[in-house]
Amino acid sequence: MVSTEAYGTWPSPIDAALTASQDGKPEFVGTVGDEVWWTEPRPAEGGRRALVRRRADGATGSVLPAPWNPRSRVIEYGGMPWAGAPREEGGPLVVFVHHPDQRLYAYAPDGPDEPWPLTPVSEIGGGLRWVDPQVQLGHGEVWCVLEEFTGGSPTDVRRVIAAVPLDGSAGGDRGAVRELTDDRNRFVTGPRLSHDGRRVAWIAWDHPQMPWDGTVVKTAEVTADGTFTGVRPLVGDIDESVVQVEWDRDGSLLFVSDVGGWWELQRIRPDAVTGAVVPTSRLCAVRNEEFGGPLWRIGLRWFQLLDNGLIAVVHGRGTTALGVLDPETGELVDAVGPWTAWSETLAVQDTRVIGIAASPYTSYEVVELDTATGHTRTIGAPHEDAVDPAYYPEPLVRTFTGPGGREIHAHVYPPRHPDRTGPEGELPPYVIWAHGGPTGRTPLVLDLEIAYFTSRGIGVAEVDYGGSTGYGRAYRERLREQWGVVDVEDCAAVALGLAEEGSADRSRLAIRGGSAGGWTTAASLTQTDVYACGAISYPILDLEGWATGETHDFESQYLESLVGPYAEVPERYRERSPVNRTDRLTTPFLLLQGLDDPICPPVQCERFLTAIEGRGIPHAYISFEGEGHGFRRADTVKRALEAELSLYAQAFGIERSDVPRLELRK
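This section reports on the structure supplied with the text.

About the thresholds
Residues numbered from 1 in each chain as written. Predicted model: local features only at pLDDT ≥ 70, side-chain atom pairs only at ≥ 80, totals over all residues. Heavy atoms only, no water. Helix = DSSP H or I, 4+ residues; strand = E, 2+ residues; numbered from the N terminus. Rg over C-alpha atoms; globule rule 2.2 N^0.38 Å. Buried < 20%, exposed > 50% of the residue type's maximum accessible area, 1.4 Å probe, protein only. Areas by Shrake-Rupley, 256 points an atom, 1.4 Å probe, with all protein chains shown as cover. Pairing = 2+ DSSP bridges. Phe/Tyr/Trp six-rings, centres within 6.5 Å; stacked < 30°, edge-to-face > 60°. Lys NZ or Arg CZ within 6 Å of the ring centre and 35° of its normal. Expected span 1.5 Å × (residues − 1). Axes fitted to C-alpha atoms, helices over the stretch in contact; angles between N-to-C directions. Lys, Arg positive; Asp, Glu negative; His and termini not counted. Salt bridge = Lys/Arg side-chain N within 4 Å of Asp/Glu carboxyl O. Polar contact = N/O pair within 3.5 Å; in protein donor to acceptor, adjacent residues only side chain to side chain. Contact = heavy atoms within 4.5 Å.

1. Concerning the overall build of the protein
For the protein, the count of helices and strands is 10 helices and 39 strands. Taking 666 residues into account, the globule formula puts the C-alpha radius of gyration at 26 Å, and the protein, at 25 Å, falls close to it. The C-alpha extent of the protein, read off along each of the three principal axes, is 75 × 55 × 50 Å. Burial status across the protein gives 61% buried among its 666 residues. Element-wise, carbon and sulfur atoms account for 47% of the exposed surface of the protein, whose accessible area totals about 24,400 Å².

In structure tokens:
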């Protein structure tokens, strides 16, 4: 029987401990012979990742026992941390990056030996780091991206494609690492070797471009001893973003470029002798959809070529689907299934495509599509309902109108409970979620963090504000030099739109976000009077500090496009920074920060707290030892969620006894 209780007071079986135990998702799927491998989160084990192996007979188990943790820190966001290869004897060989020391290790999981180091340790700066490995058994090497720190500053760094011997001879000798490219490009992806082994391609870019602004595809010939010669640019530019390249069997190069305004799949045929090329051709009719995304991590894959000539693609506008493209006809057929979000990681094996996908009612799982039969099935990390699905929210895909009539995309999750409803005439409180990036987006998937609030009677609206990906380059570039303006306006427009249509209580609106979303949250609280409170996690709060050495190399010049050239508009950096606008802050807030965060360091939070000292603004600051940019440990996630709920309860006038009361200082 459904009973009536005030919004925000409903009981829920989705507690913070349960939510924390489900945090994270499988990533970086690949094939090793006839097996499928991927990484999985282990929140209860200090947030480490596990490497999981699914054998041909369906048996599944972890490859590496604790404390092994395959995760790269290249550009701090990492990327593909492992590669495997079948061998004639002794079973498969896997090469992986171990997170604590960032060394490359090799391991034969069917053999008696423990993993052995392939690379040395460097004490300079952030040391030696590796990502996107490609095992080359013929050369006895693994080719990958090397990130090498040359000094103590986060920007004292060089990146090259390098070859590491598989015999371990470089484990204590940096000189045994063979560099395949020079460091004239600040950023590179891992190499893609042609089927005949004679050519190689990779993606490169330089500051101040970010990879979604402009990248260049470079190619080279490969000599018998594995040396790269004749390096030359092929496609791409400072205002064209190419995010993936792969060789076809006929010697042509497939790549995803946004030169036409959307990331689209294209083909080019470079001549190995003269360097001449046949003009590029689109492989799919113009659809105003994305066939790629932002290259936040190295080694992402939105498409893969099947042996029969078809191409598996992840594509969509807002939501994403897995499709199979016939490059000869342009026909695109989508896989059947409930999934609304496919990760940017695909693998193929004969006629099968393996990816990672989720839906509004299922968490991320490893999914296989057999293109010969059209059949799809879950083969790994299967979703299991931790509670009755009646407690899950039912999302609404919405488009709101912002300033100047511009469209704003959002996913709205109204409160939902099988046994509770709100009193007649009462409107629910709502929390606006601002995603990170800001060049990112919100997938339409089951998220127990959202269900944690909606099952208690608090609505959630995830906003893909201007600057988000998934809607073409023009939508993405709305944020150019407008960070702290367009994102703030768009979030406010969604919040007020919900209130004006009668879906949300105008007096009980909140905003939350982490990283760039933490910036938008803080900027919103110091620029508008829309919200009753806000939850700010590992944020950017001081643009000047971030632009002058307080972040890592990858994003050290990101503000040049988001805000403007610092040398030309320093006043804009000062004016927009929340740390300089605390005189306008009147609402309670929660500030959450990892103390080991190299991207948004704790010093920014400390500076912000100093700026509000003595102003009588209710607030709480919780910092976490051992956490970096984004929280991975179960106990951290649990405490953060409970603190956030307590903040809302106090700001919205809700009584809750199921979470510790957050102490708000003034």
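2. Some remarks on the pairing of strand β3 (residues 35–42)
Consecutive side chains of a regular strand alternate in pointing toward one face of the sheet and then the other. Counting buried residues along β3, seven of its eight residues qualify, which places the element largely inside the surrounding structure. Relative to β3, strand β2 (residues 27–32) is paired through four bridges, and the arrangement is antiparallel. Considered in β3, the bridge of V32 is made with E35. A loop of two residues connects β2 with β3, the two strands running antiparallel in sequence, and G33 in this loop sits at a positive phi of about 65°.

3. Considerations on the pairing of strand β25 (residues 321–325)
Of all five residues in β25, five are buried, a share of seventy percent or more. The alternating pattern of β25 places A321, G323 and L325 and L322 and V324 on opposite faces, both of which are buried. Both strand β24 (residues 311–315) and β25 contribute to a ladder of five bridges, which runs antiparallel. Pairing of I311 across the sheet is with L325, part of β25. Linking β24 to β25, which pair antiparallel, is a turn of five residues; within it G316 sits at a positive phi near 155°. Of the strand pairs in this sheet, β25 and strand β26 (residues 332–334) are connected by three bridges, and their pairing is antiparallel. Paired with L325 across the two strands is L332, which belongs to β26. Count of turn residues in the β25/β26 antiparallel hairpin: six residues, of which G330 carries a positive phi of about 80°.

4. Regarding the packing of aromatic side chains
Each aromatic ring pair is characterised by the separation of its centres together with the angle its planes make. Counted under the stated rule, the structure contains 26 aromatic pairs. Centre to centre, the rings of W68 and Y105 are 5.0 Å apart; their planes meet at 70°, and the pair counts as edge-to-face. With W68 in the loop between β5 (60–62) and β6 (82–85) and Y105 in strand β8 (residues 104–107), the pair connects residues that are 37 residues apart, well separated along the chain. On the accessibility criterion, W68 (14% relative accessible area) is buried. Through pairs of rings, three or more aromatic residues link up here, namely Y77, F187, W205, W212, W296, F554 and Y558. Directly above the ring of Y364 sits K25, whose terminal nitrogen or CZ lies 4.2 Å from the centroid. Lying over the aromatic face of W263, R476 brings its terminal NZ or CZ to 4.2 Å of the ring centre.

5. Some thoughts on helix α4 (residues 486–500)
Since the α-helix advances by 3.6 residues per turn, residues separated by three or four positions end up pointing in the same direction. Counted at 1.5 Å a residue, the expected span for α4 with its 15 residues is 21 Å, and the 20 Å between its end C-alpha atoms agrees. The buried fraction of α4 amounts to 12 of the 15 residues, a majority that puts the element mostly inside the structure. When α4 is considered as a whole, its buried residues turn out to be V486, D487, V488, D490, C491, A492, A493, V494, A495, G497, L498 and A499.

6. Description of the sheet that holds strand β13 (residues 178–179)
A sheet is described by the order of its strands in space; here four strands give the open sequence β10-β11-β12-β13, paired in antiparallel fashion. Strands with a single pairing partner mark the edges of an open sheet, and in this sheet they are β10 (128–136) and β13. Here strand β12 (residues 157–165) runs beside β13; their pairing, made up of two bridges, is antiparallel. What sits directly across from A163, in β13, is R178.

7. A look at the sheet that holds strand β35 (residues 459–464)
Sheet architecture is open: eight strands sit in the order β31-β32-β35-β34-β36-β37-β38-β39, paired in mixed fashion. Each end of this open sheet is capped by a strand with a single partner; those strands are β31 (396–401) and β39 (619–624). Taking the axes of each pair of neighbouring strands and ignoring which way they run, one obtains an average angle of 20° across the sheet. Here strand β37 (residues 533–537) pairs with strand β38 (residues 589–594) via four bridges, running parallel.

8. Quick look at the side chain of R103
When you line up the elements, R103 lands in the loop between β7 (93–97) and β8. Buried charge R103 goes without a salt bridge, the closest partner of opposite sign being D101 at 4.6 Å. In terms of polar contacts, R103 uses its side chain to reach the backbone carbonyl oxygen of T119, at 2.7 Å. Setting aside anything within four residues of it in sequence, one finds R103 in contact with F96, V97, H98, P117, T119, P120, V121, W130 and G171.

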